[in-house]
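Structural characterization, general
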Amino acid sequence: MPVMPEPIENLTLALERLPGIGPKTASRLTFFLLRAPEEVSLALAEALTALKSSTGLCEECFNITRSDQPKCEICVSDKRDEGMLCVVEEPLDVLALERTAGYFGRYHVLHGVLSPIEGIGPEDLKIRPLLERVHAGKVREIILATNPSMEGDATALYLQQQLAGSGVRITRLARGLPVGGDLEYADQNTLLRALAGRQDLS
Ligand SMILES: [Zn+2]
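What you are looking at is a predicted structure, and each value in this text was computed from that prediction instead of being measured.

1. Section: the overall build of the chain
A tally of regular secondary structure across the chain gives eight helices and seven strands. C-alpha extents for the chain along the principal axes are approximately 65 × 35 × 35 Å. Here the chain holds 202 residues, and the buried ones make up 26% of them. Taking the contacts inside the chain whose residues are at least 6 apart along the sequence as the reference set, 53% of them involve residues at least 24 apart.

2. As for the packing of helix H1 (residues 6-16) against helix H2 (residues 23-35)
Relative to each other, H1 and H2 sit at 130°, their axes nearing to 8 Å. With respect to H2, the element H1 is oriented oblique. Between H1 and H2 lies a crossing of right-handed hand. On H2, the residues that touch Ile 8, Leu 11, Thr 12, Leu 15 and Glu 16 of H1 are Pro 23, Ala 26, Ser 27, Leu 29 and Thr 30. Residue composition of the contact of H1 with H2, by class: six nonpolar, three polar and one charged.

3. Thoughts on the environment of Leu 29
Relative to the elements of secondary structure, Leu 29 occurs in helix H2. Exposure remark for Leu 29: the 17 C-beta atoms within 10 Å place this residue in the partly exposed category.

4. Examining the environment of Asn 189
Within the fold, Asn 189 resides in helix H8 (residues 188-196). A count of 10 C-beta atoms within 10 Å places Asn 189 in the exposed class. Along the primary structure Asn 189 and Gly 20 are separated by 169 residues, whereas in three dimensions their C-alpha atoms are 26 Å apart.

5. Topic: the nonpolar core
In terms of nonpolar packing, the biggest core is built from 34 residues, with Cys 86, Val 87, Val 88, Ile 142, Leu 144 and Ala 145 touching the most fellow members. Counting residues per element, the ones that place at least two in this core are strand E3 (81-88), helix H5 (91-99), strand E4 (105-109), helix H6 (127-135), strand E5 (141-144), helix H7 (150-163) and H8. In terms of residues, this core owes the most to one element, E3, which gives four residues. Among residues more than four places away in sequence, those in contact with Ala 145 are Cys 86, Val 87, Val 88, Asp 93, Leu 173 and Leu 183.

6. Notes on the pairing of E3
Two strands pair when backbone bridges link them, and E3 and E4 are joined in this way by five bridges, in the parallel orientation. Bridged to Leu 85 within E4 is Arg 106. Taken together, E3, H5 and E4 form a β-α-β motif whose crossover is right-handed. Across four bridges, E3 lies against E5 in parallel orientation. Paired with Leu 85 across the strands is Ile 142, a residue of E5.

Cut-offs used in this document
- Residues numbered from 1 in each chain as written.
- Predicted model: local features only at pLDDT ≥ 70, side-chain atom pairs only at ≥ 80, totals over all residues.
- Helix = DSSP H or I, 4+ residues; strand = E, 2+ residues; numbered from the N terminus.
- Buried ≥ 20, exposed ≤ 12 C-beta atoms within 10 Å, placed from the backbone.
- Contact = placed C-beta atoms within 7 Å.
- Axes fitted to C-alpha atoms, helices over the stretch in contact; angles between N-to-C directions.
- Parallel < 35°, antiparallel > 145°, perpendicular 65-115°, else oblique.
- Left-handed = near helix turned anticlockwise from the far one by under 90°.
- Nonpolar A, V, L, I, M, F, W, Y, C, P; charged D, E, K, R; others polar.
- Core = buried A, V, L, I, M, F, W, Y, C linked by C-beta atoms within 7 Å.
- Pairing = 2+ DSSP bridges.
- Right-handed = clockwise from strand over helix to strand, strands pointing away.

By themselves, these are just geometric observations and shouldn't be taken as functional.
What follows is the structure, encoded as structure tokens:
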């Protein structure tokens, strides 16, 4: 038997499923919302409902875009160099690189990394569309910006092999990023240095 009424239990359990939120934080958030003016929880509920229904993936780079816009803002911007593609694992990595305000090319989001242990192969990632973008001929340089982890390195190596002979300059973000770390947690200066010091693989 739950100690608290069901609506309280339901919200607490839903919040507990979020990363970084344990049972105590979940209860605290639930009771905060219970005490707060109704518009606070209504705004949250509306934002949550719209999160999935109003977003989609950019048909060009697979970054997140609004569902009524087939291409994301970066892909439609004429201020961004379409000859330069930065290949990242997740949309959050795009955010991290955009925060540096030092990158003016475009992106390609893989939506994961190769992982034989988890059974994730090339066909599970957005690799084929990347090769198609390269073969379309406008790309001059590809920056492999997967995380400096075992899977990130293996994915970069795989892409390097797939892109060999394409005539495109292939670079990898410089070391200096914490090994095993995530791009999304790197500070802006570290990321900027990694971008500036990127090394040729081809
Ligand atoms: Zn895009």
